[in-house]
Amino acid sequence: MMQSAPSGHPRELSNELDSGLGRSDTSARRHVVPAARHRVRYGRMLYLAVNTAVLVFLLAPIAIVFVFALNPTPFIQFPPVGISLRWFEKFFASRDFMHALGFSLEVAAITTVCATVFGASAALAIARGNLPGARLVVATMLSPLMLPAILTGLALFQTYVLLDVGRPLWGLVAGHTLVTIPYVVRTTLAVLHNFDLRLEEAARNLGAGPMRTFFEVTLPLVKPGVLAGAIFAFIVSFDQFPVSLFLVSPGSETLPITLFNYLKFDLDGTIGAASAVSILLAFVVVIGLDRTVGLRSYVKL
Amino acid sequence: MTKPSGPTLPRLSRRRFLAAGASLGVGVIAAPYVASADEPTLRITGWGGKWGDIMKAEVGPAFEKEFKCKLQTDTALPFLPKLQASSRSAPIYDVLHTNSNEQWAAVEMGLVEPKIDAKLVPHLADVYPYALSDKIVGVSIFTSAIGLGMRTDKGYSGVSSWKELWDAKYNGVRGGYVIPVNSLGQAFLMMCGTLFGKGQTDLDAAYAALEKLKPIKLVDFTGAMEKMFLSGEVGLGVIHDSGIYRYDGQNQPIDFVTPSEGVLSLEQVLTITPGSKLKELANAYVNYMLSAPVQKKLAETVWYSPANKMVKLDDKYDAKLLTTPEKVSKLVQVDWKWYNAHKDDIDSRVNRIFRA
């Protein structure tokens, strides 16, 4: 008879205990089964409590942002005294904030394209190109994650100053791309790790050229990793503060920089409203990608 | 079968692709310079908030029109590291506008000129002595008074001295700043030396006073302190007058107290960078900012006390801001050169005090 693995369910556990102790030993059974049941119940409660605590830990800051944004008082107050959209109105009526929001979206969009193209290409080369020193290349590609981003921003700023190019849009995008490429490389490499090269060979044997093989075989298979990296790139760029701190030019500030400068002088609910809009935008991007290219396969990552 | 005739696109060879890419790159890099080659651009720093709004809407455009130039204002902090990272001969800013403590750090590093030439800035003749004192690099165009903010609905009547901040009845509602990052907090530390010791530089007396100030609510930014007052979390605390007066007419139960020992000076200072290629325009800008109409406009917008003694403010502002020699004599200026030289030690010590 095949023995099933303990499932943890009280009834099944009881059956297992029955067979283990022997039905005749009713007295032992009477004592042990309730104890086991209690252990399972406590274990389950602990499991739920830990999960709830983790969820609260992750979501509480977001909830506080929304409370701050919707509270009509011009300062953080708990419990809130009411619900008002005045800070959202102020945010959307502000030319500076709207410009910063549009600019942040523009930078994040260009960064996403750049980081995805460079990062995914690099990952493909690393995984399959028989590159000499591939491990060193991987470490180099991931190094921006290890360096404090503020130093990356400062180093780029000094480079641009030395080149006497000012602080152009492409300079900001280059900075953001630098710190977002590691995400794309990492997620694409994760998919390529299990990639079956024979599929490409089959396509080539059937007459497909390198480009067709890439677009019709390789890309669809690595798409989950590339898109996951692209989403990370967009969100990291959109929220990027330390790199932007040195690279934004006067009059073209990203939303995080505008928020920082704003809160130095006015700490009101507009900050909360701007943060809420940022969070919602991140959701919109993720949902939009889900609807257009599908994200469900990411769970495999 | 023949191919249809017609215009054919040139074949995109690798060489052509690289050449096109390089041209595009050069074009992108050169575009800002080509576009702005016809008029000079004066690069300055400035604040956000209401200051930034009025500068962008009125004061800046009027200057551009009068001097036929562009004004490029960097409002994204931090200014000093950016200036430090740029070349001395081609600095990122022509005029640095920041508070006095940073200006002293800048002049020590040779990033800004120590003084403004009175021959090139005629309005220097019109300013109060504090604006050009030996405690000032460049020129102070405005000042705020750092004193005590107070809730008026809590029965804290009769506050007239800095020392009342140490009264035990304010435990739990006392407010101050994270000293290493806030110049109001730093100025207050110097005042503690004066109040309880031999003078501003008596750090032992200041540290002992800070120890006795606990419990105290500390914030990074003055904007945060304003909100603490509005919410009632702080009942008595250190703040600059403009942080209280800006709520004038909004029916808020807060007021500013000028302590009998004097108010600390929070100066808005302009300096010119040595490597600026637009020195004439930079001096013109400093002069413009000190002109009576600009001083009046900005003072009445952001509640800063004008440095130009010729300025006549409307009664409401005149009653509260430092607009007479008698009121100005209440200002206590901080020796920022000395403070900056001891900043690391001070930061380390106050961090230990307030961490505990």
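Residues numbered from 1 in each chain as written. Chains lettered and ligands numbered in written order. Predicted model: local features only at pLDDT ≥ 70, side-chain atom pairs only at ≥ 80, totals over all residues.

## Examining the overall build of chain B
Cut-off, in case you're wondering: Only DSSP runs of H or I covering at least 4 residues are called helices, and only runs of E covering at least 2 are called strands; the numbering of each starts at the N terminus. Every C-beta atom is placed from the backbone, and the number of other C-beta atoms within 10 Å of a residue's own sets its class: buried at 20 or more, exposed at 12 or fewer, partly exposed in between.
Along its length, chain B carries 13 helices and 11 strands. Counting only residues that meet the buried cut, chain B has 43% of its 356 residues in that class.

## Points about the overall build of chain A
The condition that has to hold: We call two residues in contact whenever the C-beta atoms placed from their backbones are within 7 Å.
Looking only at helices and strands, chain A has 12 helices and zero strands in total. Listing the helices and strands of chain A from first to last along the sequence gives α-α-α-α-α-α-α-α-α-α-α-α. Within chain A, residue pairs in contact and separated by at least 24 positions form 72% of the contacts whose partners lie at least 6 positions apart.

## Considerations on the environment of A:Ile271
All names here are of chain A. Mapped onto the secondary structure, Ile-271 falls in helix H12 (residues 269-292). Sequence separation of Ile-271 and Phe-260 is 11 residues, and the distance between their C-alpha atoms is 8.9 Å. Not counting the four nearest positions on each side in its chain, Ile-271 is found in contact with Leu-259, Tyr-262 and Leu-263.

## Considerations on the domain arrangement of chain B
Residue and element names in this part refer to chain B. Spelled out, the test is: Boundaries of every domain are those given by an automatic assignment or by a domain database. Here the term charged refers only to Asp, Glu, Lys and Arg, the term nonpolar to Ala, Val, Leu, Ile, Met, Phe, Trp, Tyr, Cys and Pro, and the term polar to all other amino acids, Gly among them.
When its domains are assigned, chain B resolves into domain 1 (41-143 + 266-325) and domain 2 (145-265 + 337-355). Between the C-alpha centres of domain 1 and domain 2 the distance comes to 26 Å. The interface is formed by 14 residues belonging to domain 1 together with 16 residues belonging to domain 2. Residues that form the side of domain 1 that touches domain 2 fall into these classes: eight nonpolar, three polar and three charged.

## Comments concerning the interface of chain A and chain B
Across the contact, 25 residues belong to chain A and 25 residues belong to chain B. For the side of chain A that touches chain B, the secondary-structure elements that each account for two or more residues are helix H6 (149-163), helix H10 (242-247) and helix H11 (255-265) of chain A. Top contributing element to the side of chain A that touches chain B by residue count: H11(A), with six residues. Tallied by class, residues from the side of chain A that touches chain B come to 17 nonpolar, four polar and four charged.

## Re the pairing of strand E1 (residues 41-45) of chain B
Residues and elements named next belong to chain B. Note the cut-off: Pairing between strands is defined by DSSP: at least two bridges between them are needed. Think of it like this: strands point away, you trace from the first strand over the helix to the second, and a clockwise trace means the crossover is right-handed.
Extensive coverage of E1 is indicated by the burial of four of its five residues. Pairing between E1 and strand E2 (residues 70-74): five bridges, direction parallel. The partner of Leu-42 across the bridge, within E2, is Leu-71. Running through helix H2 (residues 49-67), the crossover from E1 to the neighbouring parallel element E2 is right-handed.

## Quick word on the packing of helix H4 (residues 95-128) of chain A against helix H7 (residues 169-192) of chain A
All names here are of chain A. To keep it simple, the criterion reads: Comment: axis = line fitted to C-alpha atoms, over the contacting stretch for helices; angle = value between 0 and 180 degrees taken between N-to-C directions. These descriptions rest on fixed angle ranges, namely under 35 degrees for roughly parallel, over 145 for roughly antiparallel, 65 to 115 for roughly perpendicular, and the rest for oblique. Put simply, a crossing is left-handed when the front helix is turned counterclockwise from the back one by less than a right angle, and right-handed when it is turned clockwise.
It is the contact of H4 with H7, at a shortest axis distance of 7 Å, that shows an interaxial angle of 45°. As judged from the angle between their axes, H4 and H7 are oblique. For H4 against H7, the interelement crossing comes out right-handed. Considering only residue class, the contact of H4 with H7 consists of 18 nonpolar, seven polar and no charged.

## A word on the nonpolar core
Put simply, the test is: Working definition: the nonpolar core is a set of buried Ala, Val, Leu, Ile, Met, Phe, Trp, Tyr and Cys residues, joined through C-beta atoms within 7 Å.
One finds A:Val184, B:Val95, B:Val139, B:Ala187, B:Tyr285 and B:Val286 to be the most contacted residues of the largest nonpolar core, which totals 150 residues. Here the element with the most residues in this core is H4(A); it accounts for 12 residues. Apart from the residues within four sequence positions on either side, B:Ala187 is in contact with B:Ile146, B:Leu264, B:Leu266 and B:Val334.

## Side note on the confidence of the model for chain B
Residue and element names in this part refer to chain B. Let me state the cut-off plainly: Residue-level confidence of the predictor is what pLDDT reports, using numbers from 0 through 100.
Here chain B averages 89 in pLDDT, and 89% of its residues register 70 or above. Within chain B, no element has a lower average pLDDT than helix H1 (residues 14-35), which sits at 49, and none a higher one than helix H9 (residues 279-290), at 97. Here residues 1-10 scores under 50 on pLDDT; set against residues more than four positions off or in separate chains, the count is zero contacts. Confidence over residues 25-36 falls short of pLDDT 50; this stretch has six contacts with residues more than four positions distant or in other chains.

## What to know about helix H5 (residues 183-196) of chain B
Under the convention used in this document: For a helix, the expected span equals 1.5 Å multiplied by the residue count minus one.
Look at H5(B): 20 Å from first C-alpha to last across 14 residues, which is about the 20 Å you get at 1.5 Å a residue. Of all 14 residues making up H5(B), 10 are buried, and the element is well covered by its neighbours.

## Section: the environment of A:Asn194
Residue and element names in this part refer to chain A. Tracing the backbone through its elements, the reader meets Asn-194 in the loop between H7 and helix H8 (197-205). In this structure Asn-194 comes out as exposed when scored by C-beta crowding, with 8 C-beta atoms within 10 Å. Sequence separation of Asn-194 and Val-222 is 28 residues, and the distance between their C-alpha atoms is 9.9 Å.

## Some points on unusual backbone geometry
Of the consecutive residues B:Leu77 and B:Pro78, the connecting peptide bond is found in the cis state with omega at 5°. Looking along the chain, the bond that leaves B:Lys214 and enters B:Pro215 is cis, with omega of 5°. Note that B:Pro215 resides in the loop between helix H6 (203-213) and strand E6 (217-219). Here the phi dihedral of A:Asp164 falls at roughly 55°; this positive angle occurs in a residue that is not glycine. By secondary structure assignment, the location of A:Asp164 is in the loop between H6 and H7. A:Asp164 gets classed as exposed once you count the C-beta atoms within 10 Å, which come to 11.

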